[in-house]
Amino acid sequence: MKIENRQQFLMALTIGAAALYIGVNFIATPLSNLWSARSAQIKDLRAKVSEGKTLIQRETVVRNRWSDMSTNALPDNSSLAEQQVLKAFDTWSRETGAEINSIMPQWKNDSTNYMTLNCRVEASGSLGTLSQFLYRIEKGPAALKLGSVELSAHDNTGQQLTLGLQISGLALISQTQK
């Protein structure tokens, strides 16, 4: 090879390598990253559209469930709510034969949308009466949730039991009261 041809060849090779370097680092890699980001965004949007379609299809179920929840929530007036819960405990006690020893209600207001009524309830009776009492609390229409359950025996045979419950009730605060 002649020196002129070699210089031209090396010059062309250097320009080609520089063009390849620039093409890979400044054009191909950013376009590849952009393509991947767009693909991820499209995948995310498709998932959101699918979730939205599912919610639209389940609209009546969700609205009915919310209607039941808001209907069965405790009143936003604390004294009326306590009265309603105490009346429910009294009714369940009479229906099952469980004897309520104490109820200690305490209000908690952690949000502007709702309040919770936390009650510590102690009842006594046989295993059958206490299980029926628990069943009535769980299956009742009131917006009550069992937080913890403690069961202890009063006698050596285990016939007389004491039940300790931590129960939370939900009271939705109406928009007009805010």
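Residues numbered from 1 in each chain as written. Predicted model: local features only at pLDDT ≥ 70, side-chain atom pairs only at ≥ 80, totals over all residues. Heavy atoms only, no water.

A separate point is the layout of surface pockets. Taken as a whole, the largest pocket holds about 310 Å³ of empty space. For the largest pocket, the lining is made up of 16 residues, of which Arg 65, Met 69, Ala 142, Ala 143 and Leu 144 are closest to its centre. Listed by contribution, the elements that provide at least two residues to the lining of the largest pocket are helix H2 (59-72), helix H4 (127-139), strand E3 (144-153) and strand E4 (161-172). Broken down by element, the residue count for the lining of the largest pocket peaks at 4 residues, all from H2. (1 Å grid on protein atoms, 1.4 Å probe; cavity = no way out; pocket = protein on both sides within 12 Å on 5 of 7 lines; lining within 4 Å. Points joined across faces, edges and corners; volume = space filled by probe spheres on them. Helix = DSSP H or I, 4+ residues; strand = E, 2+ residues; numbered from the N terminus.)

Read from one edge to the other, the open sheet built from 4 strands follows the order E1-E2-E4-E3, with strand pairing classed as antiparallel. Both outer strands of the open sheet, strand E1 (99-108) and E3, are each paired with one neighbouring strand and no more. Between one strand and the next, the sheet's axes are offset by a mean angle of 15°, whatever the strand orientation. Together, E1, strand E2 (114-125), E3 and E4 form the strand contacts of helix H3 (residues 78-96), whose direction differs from that of E1 by roughly 155°. Strands E1, E2, E3 and E4 of the sheet are contacted by H4, whose axis makes an angle of about 10° with E4. (Pairing = 2+ DSSP bridges. Axes fitted to C-alpha atoms, helices over the stretch in contact; angles between N-to-C directions. Contact = heavy atoms within 4.5 Å.)

Now for the nonpolar core. By size, the foremost hydrophobic cluster in this structure holds 23 residues, and its most contacted members are Val 85, Phe 89, Trp 92, Phe 133, Ile 137, Leu 165 and Ile 167. Contributions of two or more residues to this core are made by H3, E2, H4, E3 and E4. Every residue in contact with Phe 133, bar those within four places of it in the chain, is listed here: Phe 89, Trp 92, Ser 93, Thr 96, Ala 98, Ile 100, Ala 123, Leu 163 and Leu 165. (Core = buried A, V, L, I, M, F, W, Y, C linked by side-chain atoms within 4.5 Å. Buried < 20%, exposed > 50% of the residue type's maximum accessible area, 1.4 Å probe, protein only.)

Another point: a nonpolar patch on the surface. On the surface, a nonpolar cluster with roughly 640 Å² of combined accessible area is contributed by Tyr 21, Ile 22, Phe 26, Ile 27, Leu 31 and Leu 34. Mapped onto the secondary structure, Ile 27 falls in helix H1 (residues 3-57). (Patch = residues over 30% accessible without salt bridge, like charges linked within 9 Å, V, L, I, M, F, W, Y side chains within 5 Å. Areas by Shrake-Rupley, 256 points an atom, 1.4 Å probe, with all protein chains shown as cover. Salt bridge = Lys/Arg side-chain N within 4 Å of Asp/Glu carboxyl O.)

Along the polypeptide, Gln 57 turns up in helix H1. Classification of Gln 57 by relative accessible area gives exposed; the value is 66%. Sequence separation between Gln 57 and Thr 91 is 34 residues; the distance between their C-alpha atoms is 39 Å.

Helix length check: H4 (13 residues) gives 18 Å between terminal C-alpha atoms against 18 Å at 1.5 Å per residue, within 8%. Taken together, the buried positions of H4 are Thr 129, Leu 130, Phe 133 and Ile 137. Within H4, the buried residues cover an arc of 95° as seen down the axis, which keeps them to one side. Turned more than 90 degrees off the buried face of H4, the exposed positions are Leu 127 and Lys 139. (Expected span 1.5 Å × (residues − 1). Arc of directions from axis to C-beta.)

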